[in-house]
Amino acid sequence: MDTKPGGLSFERIRELGAGSTGRVWLVEIGESVAGLAAGSLLALKEPRNEDAAPGTRDALLWEAEVAQQVSGKGLPKLIHLDTCDDGPRLFFELVEGPALDQVLTDQGSLPEPQVRQIGARLAAALDKLHQAGWAHGDVKPANVRMTESGSPVLLDLGGAQREGTSRSQTGTLPFLAPERIRGAGPSFAADVFALGIVLYQLATGKHPFPPAAQVQEEPTAW
């Protein structure tokens with residue numbers, strides 16, 4: 001059982017994924033927390049290693065702040081936050097289904113009713129963020145995980161920004177709006193643009209724009 005003084009006790013079961021700032025684990029908690037009994041399964045997000053740079057720790061704390069401020073269907077639910085000497089630990093409600101990019105790889109294009117359903121629920125999740133003043137900044141299939149019932153959850157709030165600010169330049173090139181390619185920060189409009197690309201991929205199985213169009217100074221394809 002892994003624990004730190006004052007922290008939540010848990011046992012790692014297996015790694016679920018890793019990104020530039022954090023590593024995500026499936027864990028079993030050793031004590032009750034937030035109404036969940038000991039033995040419940042959660043997703044733990046923590047720095048990739050104990051020597052993580054301060055910026056990495058700050059990004060995870062930022063993600064926790066956004067998740068605490070904005071919650072609801074279609075968004076990750078933060079269950080518990082530990083701030084340990086070796087970095088913060090974010091315990092999220094477990095979403096056990098595949099990421100949307102894996103769904104695309106396995107199935108290709110999806111039936112129109114399913115695309116509509118996914119689109120409506122992702123749009124509702126973005127609306128919650130936008131109503132609270134946050135732009136997600138990195139909407140893409142890899143940041144959407146499907147629940148066992150087929151509902152999408154928009155993950156990775158660590159790149160979210162208040163619209164009009166420029167805390168950092170985040171985002172994934174194939175899903176960036178033209179103004180973001182030219183250096184603008186995340187915005188509500190850019191999130192909607194990225195969602196449109198995601199839905200196009202779900203409906204057709206391919207990206208709407210050729211790769212060359214995404215690196216032009218003035219993208220003519222858009």
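In this numbering scheme, every chain counts its residues from 1 along its sequence in written order. Local features in this predicted model are restricted to residues whose pLDDT is 70 or higher, and side-chain atom pairs enter the listing and the counts only when it is 80 or higher, whereas totals over whole chains, interfaces and linings include all residues. For side-chain calculations, the full set of non-hydrogen atoms in the structure is used, while hydrogens and water are omitted.

## Side note on the overall build of the chain
Working definition: helices are DSSP H or I runs of at least four residues, strands are E runs of at least two. Numbering for both runs from the N terminus. Within the chain one finds 5 helices and 9 strands. Counted from the first residue to the last, the chain has its helices and strands arranged as β-β-β-α-β-β-α-α-β-β-β-β-α-α. Expressed as a percentage of its 222 residues, the buried residues of the chain come to 44%. A sequence separation of at least 24 residues applies to 57% of the contacts in the chain between residues at least 6 apart. The protein chains shown are the only cover counted for residues, whose accessible areas, like all others here, come from Shrake-Rupley with a 1.4 Å probe. Of the roughly 10,800 Å² of accessible surface on the chain, 50% is carried by carbon and sulfur atoms. The cut-offs for exposure are 20% and 50% of the maximum accessible area for each residue type, with area from a 1.4 Å probe on protein chains only; residues under the lower value are buried, those over the upper are exposed, and the others partly exposed. Note on contacts: a residue pair qualifies if any of its non-hydrogen atoms lie within 4.5 Å across the two residues.

## Focus on empty space enclosed by the protein
A 1.4 Å probe that fits but cannot get out identifies a cavity on a 1 Å grid over protein atoms alone, an open set with protein on both sides within 12 Å along at least five of seven lines counts as a pocket, and a residue lines either if it has an atom within 4 Å of a point. Grid points are joined across faces, edges and corners, and a volume is the space filled by probe spheres set on the points. With the rule as written, the count across this model stands at 1 cavity of 30 Å³ or more. Of the voids in this model, the largest cavity is the one considered here, and its volume is about 70 Å³. In terms of lining, the largest cavity is formed by 14 residues, of which the most central are Gly137, Asp138, Phe175, Arg180 and Ala194. By residue number, the principal contributor to the lining of the largest cavity is helix α5 (residues 188–204), which donates 3 residues. Residue polarity is assigned by list, with Asp, Glu, Lys and Arg as charged and Ala, Val, Leu, Ile, Met, Phe, Trp, Tyr, Cys and Pro as nonpolar; anything else, Gly included, falls into the polar class. Taken together, the residues of the lining of the largest cavity sort by class into 7 nonpolar, 4 polar and 3 charged.

## Observations regarding helix α3 (residues 112–131)
Helix span, expected: 1.5 Å multiplied by one less than the number of residues in the helix. In a regular helix each residue adds 1.5 Å, so 20 residues correspond to 28 Å; α3 covers 28 Å between its end C-alpha atoms and thus fits that length. Listed in full, the buried residues belonging to α3 are Val115, Ile118, Gly119, Leu122, Ala125, Leu126, Leu129 and His130. One face of α3 carries all of its buried residues, which in axial projection span an arc of 140 degrees. Residues Pro113, Arg116 and Gln131 are exposed on α3 and point more than 90 degrees away from its buried face. Directly beyond the C-terminal end of α3, a positive phi value near 95 degrees is found at glycine 133. Each direction from the helix axis to a C-beta atom contributes to the arc, which is the arc of those directions.

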